[in-house]
Structure formats: C-alpha cells, structure tokens
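Listed here are the chains, written in short residue letters.
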Amino acid sequence: MPKKEMAETSSNVHFHDIPDVILSIIFSFVTDTRTRNAMSLVCLRWHLLERSTRKSLTLRGNIRDLFLLPTCFRAVTNLDLSFLSPWGHPLLDSSPSPLLLAQLFRHAFPSVVSLVLYIRNPSTLNLLAPQWPNLRHVKLIRWHQRLPTPLGSDFIALFEHCRMLSSLDVSHFYCWTEDLPPAIEAYPSIAASLSHLNILKHSSAEGFKSHELLAITASCPNLRELLATCIFDHRFIGFIDDQTLLALTSNCPCLSLLHLVDATSLSNVRSDPNDEGYTSEEASISHAALGDVFAGLPLLEDLVLDVCHNVRDAWPALELLNSRCPRLKSLKLGQFHGICRGIDFRPDGMALCHGLESLSIKNSAELTDTVLVAISLGCPRLSKFEVLGCKRITGTGMWKLTHVLRKTLVDVKISYCKNLNAVSSLQALEPIRDRIERLHIDCVWESVDNSEGQTGSSNQQPGGFENFQAGKRGIIREEKSLKKKYKSYDVENDNLFSSNTWTKLHYLSLWIAAGELLTPLSLAGLDDCPALEEIQIKIEGDCRNQPRPFMDAFGLRSLACYPRLSRMLLDCSGVIGYALTAPTGQADLSLWERFFLNGIENLHLNELNYWPAQDADVNQRSLFLPAAGLLAQCGSLRKLFIHGTANEHFMMFLLRIPTLRDVQLREDYYPAPENDTSTEMRVDSCCRFEDALNSSSRQVPD
C-alpha cells in the first residue's frame, strides 16, 4: 500500500473506535478517583464504561440523603460506608423505614463482597447483613461505648447471614475482649472459613487474655493472617507465655502473618531517653519455646513480636528464623535484647535472615553500631528499616548501614533514639539521600540548648529572636562537622554522596515535642525535596507545664519550600492543655492552637487531616476560634478532616475556602462523645453546614 494511502487510512482511526471490551480493560487500570471521575465526563459512552468498571467506592454525604443513593455503580465490590455524616451516628436510624433503606443499599450495590461500616449498635448489622450474604471481607468501626447487650451480640447477625466470610477486621471496633470468643465458637463453619483476623485493638487499652486467644485460634484452624493485642505482663491474669505461643502455633500452622503486640505498646508512650532500655519485668518467653514456634510456622512471611517486657539474649532463638521460616520477609521485634552478638561485624542471630525486606527494632537496649553493620551485611535485601528507642546506636552506625544498603533501602524510620537527633539522623542517611522515598525522624535539636531560645514557650530569657538565630548557627556547625566525619568512611569515593537533594522523597513523617519549633527543619538538611507530596507531623507534650508561647508560630510557614507538598496530617492529639480554663499566666488550648496552625495559609495543600489538642480532664477534642479562622485562609484545600468536634459557627468560616468540597468531623477517639452538647456540632448543625457547602451558589473550580 502506498505511503500516502496508509497515512489517510490511519488518520481516520479514532480513539472511540476501540471496542468496549478493550476500553473497559483500559479503564480498569485507572485507580485514582478524581481521574476516573474526569474520564466519566468525556462522553456518555465513557460515563457508562467508567461506572461499569468501578470496583471500589467510598460513599460520602449525609445519612438523611441516603434515598439519593447512586444506582450506576453496580459492579462495585468494595464498599466503604464509614465516611457517611454525621460521622458515628447510626446508619439506618434516621430513616422512617430502615428495612427499606437497607434493601435500597442491596439494589444499588448488588456485587459487594467487601464492606467497611461504622456500627453504633447491633441493629445496623441486623438489617444490612442479610442484604449481602456473599460478603467475604468486613471491617467494623466503633469508637462509642459498647451498649449493655449480651456477649457477642454485635457479631451474631454477621455470622448468621454471611456464610462466606473469610476476613474480619475489628481493630477499630470497640467491644469487650470477651465478646469475640463465644461468637466465633457458636459458628464453627464461619470460624473455619476465616483466613484473616485482625483483633489488634486500637480502640481500647485492653488485650486478649491467653485463654481467649487460644479459644479464637482453636476455632479458626485455617487462619493465614492473625493480628492480636495481648498481655505479656506475667503480673496479670491471662498473660501470654511459652505454652500459649506453642498452642497458638499448633492451632494455626498455616499462618503467613502473625502480629502479637502487648496492649501497652499501642499507647505510643515515649520512653525516657536517659533510660537504659530495660523494663522492670521479664517476659515469660524462653528461647527454646521461640525456636519451636518458628519451627511450627514454616509459611511465615511477616512476624511482629512487640512484647514490651525483656527478652534477653535473644540471638540463639532468632538465629533459627532463617532455617525454620525461609519465607520471612518482614520482622518487627519489641523489647528483644541481644538480637545479634555483633562480634567483628560477622552476621549472627537475626542478621542471618538473608531474605528480610523489612526490619523494625524497638527498645533494644543492646543494639549497637557494630550490630547495625552486621545487620546490613547479613540482610542485603532490606528496603525498609526502623529503629525506635534504641539508646546505644549513633549516627556512625546508621551511616554505615545506609552505605552498605544504599542500593535497596528506600524507607527509614528513626525515632526516640538518644544519640540520633534530627541533624545526625539526616546526615546518617547521606548515602541514600537520592534514593529514599519515605522517612521519619524526630525533630530534636540537641545542638540548641533550651536556654538559647530554641523552644517556643515564653519561659525563655529576653532576646528570643537573637538566641534563635544562635541556635541556627549551632545546627549549621553540627552539620559541617558531621559531613567532615562521614566523608572519612569512603575515601575512594569522596564525591559519591555529594548531592544535597532528596530526589525521590515523597513522604515525610516528623515527631516534635510541644513547645518546640519546626523552623530549623530546612537548616538541618531537609531544604531540597522537589518530590515531597505528603507530610505527617505528630506533636506531643503537656502544655499545662509551659507558659504561653513567646513566638507567634510553630513553623508551618517554613514548609512552603517544598513545591509539591499537597497533603498534610497534623496530629496534635498528644498535646494536653487547658480548654479555656487556664490558670493565670498560662495559655489555654485556643492560644496553643493558634501557635501550631499559624502559617498554614502559606502552604498549597489539597488535603488536610487535623487532630486538635485535648483537655484530658474532659476527654474532648474541639476546634477553637483561632483554628477555624486560620484554616479558612487555606485557599487551595479540597478535603478537610477534623478529628474532633466544632461549633457550627466556626465551621461556617470554612465556606470561605473556594475549592473546598469534602469536610468531615470524625470523633475517632475512645470514648467518643455519646451526646452532642448545645455548643458542639449536632445532626441539624451538620446538615446546615453541608447544605451550605454543597449550595449551587458556591462555584467550586475542579
């Protein structure tokens, strides 16, 4: 065929000529929600194809408008109903005909096999479970207090009607530990079909007793994934010991994922940096029993043992992991001491697990720089590495580890390690600076003494700004000395790590004490992050012991140096203060909230998750007036999730944000407020705000 004729033929081919079957396959590879929504607006044909290929859907909106349920997503298999507002209210109680509404759900989403649901009371599942008898994966959420109902009543309807259930997640569902064992034992066929069970309870500080855990695992012999909160303290009835671990292994020999975490570990209480790292009590776990447990789980790929009590000289037992669990790829150990001997950098102990890709070591008192080098040599495939509360490691050991693993390591977390402040942590990561993708560090500015004005509270001496500049100079001096120190480790390749740019870093997590400033972060070495898209900041501390801040801002304005930053999680839930009842001379939480949020308007954020500070005496997290005013100045926000309550007139401030489309109040802390007071967001208040947010008078640009 002549070239001219071929060109004319090809020019007549249009993208719309692609058959629907092929186009549907193309659509199925697109997962981003906004991209799919944009595709559906191209034409009617694309709209129908997009809707027919959508597999996952998170339903938002007010529960009073459930009669407006979309009926075009009939292929959806994964449905999330936990984001409906007012958040936490009973899903079907707002309807005069709850059963009719439940049937409407089945009609709108007939293909659902995976469901996420907030359960305030058992009646919701009693109505919804019969509508989807083919459910396989269910996640239940509840932060409100449990109703005085019989044991296991929350699960009866689910087990009664969903006979194909294979995965159950109650990690964020508040109930008693006594509720689950009798419910599972009453339905042996359901228990036998379960392959995934997550009872790692974040909603309370209770752990499952040994007899409860054994009753559950004995009923579920085919479990492949088990995550559970336990009690390892031998001073309590029902603690986990050798016999419990061996019986659990015998009950569920096919486990590929096993997470056993002590209940006190979920409280996230940071240990004293001057503490040696040993607890006052020993765990009732022997090396011989650990070896037998590993031998009984040959399919194990992911193991977490965070026992919060001393397991000493653990290297002989951990040395067996490589031979008895050859598939192991992820390992987390908490309060295990002596995991390697570290003699002459030779790998031994857990460093013999050559197939490890993820390793987390928490509160290991005997972890040294020599052991870090042994780990880096013995585990060459590590892509994720975490050290938490390890007091004896230094920047030298971390530098050597990242130098050896510079071709694989992309995810690092360094937290509450005494000898690793922000500057030394960042300098220790110099070998992988151009490769790392996810990072957590603690914003500890040890080079600046409190008396030099580094903290943000007003107990400083006069001349705070000058002293703060002196603190900056101290950080710069420490940075230069560390660079000089680390260059000596690679004499032959002096220019190997010359780049100061964090080229691939797209996620950054920070911990900082209440009253400290975020401003020195860029000076510490994180000034050039062109790909950074998401940042998570956790602030913790008791503000009741501090006077009012002497500076006007925490330092969020300094994050404007990251050009692609669009998502932020600002968690002040660990900040404790006075809710408008501060004694004379001290600041209440409204002033601290102004300090933390000041400067956020300078960031171009699309999505913000914000946890307000709390008054521990009233168990309440609420948005104050300064926070509402500052958030209203964030001109680019599209999604805003406030994990607490707020006054209605404060929420109305947010309507000034021209791009805002999705706002939600989530009381996701235990116990969630049972009754809305006259000054906080009520159901009617929430409805009025959402009506104003979705009003046709608001022309929201896409």
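Residues numbered from 1 in each chain as written. Predicted model: local features only at pLDDT ≥ 70, side-chain atom pairs only at ≥ 80, totals over all residues. Heavy atoms only, no water.

Colleague: Looking at this model, I keep getting lost on the overall build of the protein chain. Mind explaining?
Modeller: What the protein chain contains, in helices and strands, is 22 helices and 23 strands. For the protein chain, the proportion of its 702 residues judged to be buried stands at 54%. Sequence separation of at least 24 residues holds for 78% of the intrachain contacts in the protein chain that already meet a minimum separation of 6. Of the roughly 29,500 Å² of accessible surface on the protein chain, 53% is carried by carbon and sulfur atoms. (Helix = DSSP H or I, 4+ residues; strand = E, 2+ residues; numbered from the N terminus. Buried < 20%, exposed > 50% of the residue type's maximum accessible area, 1.4 Å probe, protein only. Contact = heavy atoms within 4.5 Å. Areas by Shrake-Rupley, 256 points an atom, 1.4 Å probe, with all protein chains shown as cover.)

Colleague: Please clarify how a nonpolar patch on the surface should be interpreted in this entry.
Modeller: On the surface, F15, V21, I22, I25, I26 and F29 cluster together to form a nonpolar patch covering roughly 610 Å² of accessible area. Its location among the elements puts V21 in helix 2 (residues 20-28). The exposure class of V21 is exposed, given its relative accessible area of 62%. (Patch = residues over 30% accessible without salt bridge, like charges linked within 9 Å, V, L, I, M, F, W, Y side chains within 5 Å. Salt bridge = Lys/Arg side-chain N within 4 Å of Asp/Glu carboxyl O.)

Colleague: Help me out: how do you make sense of the packing of helix 15 (residues 369-378) against helix 16 (residues 395-404) in this one?
Modeller: How two helices pack is summed up by the angle between their axes together with the distance between the axes. Across the interface, helix 15 lies against helix 16 with an axial gap of 8 Å and an inter-helix angle of 10 degrees. If you check the angle between helix 15 and helix 16, you find them roughly parallel. Between helix 15 and helix 16, the contacting residues are D369, L372, V373, S376 and L377 on the first element and T396, G397, M398, K400, L401 and V404 on the second. Residue composition of the contact of helix 15 with helix 16, by class: six nonpolar, three polar and two charged. (Axes fitted to C-alpha atoms, helices over the stretch in contact; angles between N-to-C directions. Parallel < 35°, antiparallel > 145°, perpendicular 65-115°, else oblique. Nonpolar A, V, L, I, M, F, W, Y, C, P; charged D, E, K, R; others polar.)

Colleague: Would you take a moment to explain helix 22 (residues 683-693) for this structure?
Modeller: It helps to recall that an α-helix has 3.6 residues per turn; residues three or four apart then point in one direction. Every buried residue of helix 22 is listed here: S685, C686, C687, F689, E690 and L693. In this fold, the buried residues of helix 22 make contact with helix 21 (648-651) and strand 23 (662-665).

Colleague: Sorry if this is basic, but what is going on with the packing of helix 2 against helix 4 (residues 44-53) here?
Modeller: At a closest axis distance of 9 Å, the pairing of helix 2 and helix 4 adopts a crossing angle of 60 degrees. By the angle between their directions, the pair helix 2 and helix 4 is classed as oblique. The chirality of how helix 2 crosses helix 4 is right-handed. Packed against helix 2, whose contacting residues are D20, L23, S24 and F27, the element helix 4 presents R45, W46, L49, E50 and T53 at the interface. Taken together, the residues that form the contact of helix 2 with helix 4 break down as four nonpolar, two polar and three charged. (Left-handed = near helix turned anticlockwise from the far one by under 90°.)

Colleague: Is there a simple way to explain the packing of aromatic side chains in this structure?
Modeller: When we look at a pair of aromatic rings, we describe it by the centre distance and by the angle of the planes. In total, this model carries 14 aromatic pairs according to the counting rule given. Measuring from ring centre to ring centre gives 5.4 Å for F27 and W46, while their planes differ by 80 degrees; the resulting arrangement is edge-to-face. With F27 in helix 2 and W46 in helix 4, this pair connects stretches of sequence that are 19 residues apart. Taking the centre distance of 6.2 Å and the plane angle of 15 degrees together, the rings of F155 and F159 count as stacked. Placement of both F155 and F159 in helix 7 (residues 153-161) is noted, with a separation of four residues, approximately one turn of the helix. With respect to class, F155 is no different from F159; both count as buried. Among the aromatic residues, ring-to-ring pairing joins F155, F159, F173 and Y187 into one connected group. Positioned over the ring face of W176 is R146, at 3.9 Å from the centre of the ring. One Lys or Arg, R438, reaches over the ring of Y507 and ends 3.9 Å from the middle of that ring. (Phe/Tyr/Trp six-rings, centres within 6.5 Å; stacked < 30°, edge-to-face > 60°. Lys NZ or Arg CZ within 6 Å of the ring centre and 35° of its normal.)

Colleague: Any chance you could explain the environment of D442 here in plain terms?
Modeller: Within the secondary structure, D442 sits in strand 14 (residues 438-442). Through-space distance from the C-alpha of D442 to that of K413 is 9.2 Å; in sequence the pair is 29 residues apart. Beyond its immediate chain neighbours, meaning those up to four positions away, D442 contacts R270, I414, S415, Y416, N421, A422 and W511.

Colleague: How do you make sense of unusual backbone geometry when you look at a structure like this?
Modeller: It is generally the case that most residues other than glycine have a negative phi and that most peptide bonds are trans. The amide bond that connects S85 to the next residue, P86, takes the cis arrangement and shows omega of -5 degrees. P671 follows Y670 through a cis peptide bond whose omega is -10 degrees. Mapping P671 onto the fold places it in the loop between strand 23 and helix 22. Positive phi, close to 45 degrees, is recorded for D313, a residue that is not glycine. Residue placement: D313 occurs in the loop between strand 9 (302-311) and helix 13 (315-318). A relative accessible area of 43% means that D313 is categorised as partly exposed. One non-glycine residue with positive phi stands out, namely L580, at about 65 degrees. Position of L580 among the secondary structure elements: in the loop between strand 17 (567-576) and helix 19 (589-597).

Colleague: Even after reading the chapter, I still don't get the side chain of N121, so can you show me in this structure?
Modeller: By the element assignment, N121 lies in the loop between strand 3 (114-118) and helix 6 (123-128). Here S123 takes part through its side chain, which lies 2.3 Å from a polar atom of the side chain of N121. For N121, the contacting residues outside a window of four places in its chain are P90, D93 and L147. (Polar contact = N/O pair within 3.5 Å; in protein donor to acceptor, adjacent residues only side chain to side chain.)

Colleague: Could you clarify how one ought to interpret helix 10 (residues 210-219) in this entry?
Modeller: The element helix 10 is extensively covered by neighbouring structure, given that seven of its 10 residues are classed as buried. On its buried face, helix 10 sits against helix 8 (180-186), helix 9 (188-193), strand 6 (196-199), strand 7 (225-230), helix 11 (242-251) and strand 8 (257-262).

Colleague: Before we go on, may I ask you to explain empty space enclosed by the protein in this structure?
Modeller: In total, this model carries four cavities of 30 Å³ or more according to the counting rule given. Approximately 70 Å³ is the volume found for the second largest cavity. (1 Å grid on protein atoms, 1.4 Å probe; cavity = no way out; pocket = protein on both sides within 12 Å on 5 of 7 lines; lining within 4 Å. Points joined across faces, edges and corners; volume = space filled by probe spheres on them.)

Colleague: I tried to follow the confidence of the model for the protein chain on my own but got confused; where do I start?
Modeller: Looking at the protein chain, the pLDDT average stands at 87 and 89% of residues meet or exceed 70. Within the model, pLDDT remains below 50 along residues 448-455, and this stretch shows 24 contacts once partners closer than five positions in the same chain are excluded. Low pLDDT, under 50, characterises residues 485-498; the stretch is placed with 22 contacts to residues that sit more than four places away or in other chains. (pLDDT = per-residue confidence, 0-100.)

Colleague: What is the right way to read the environment of I393 from this model?
Modeller: Here I393 lies in the loop between strand 12 (384-388) and helix 16. Take I393: its relative accessible area is 0%, and that puts it in the buried class. In contact with I393, other than residues within four places in its own chain, are L367, T368, D369, L372, V387, C417, N419 and L420.

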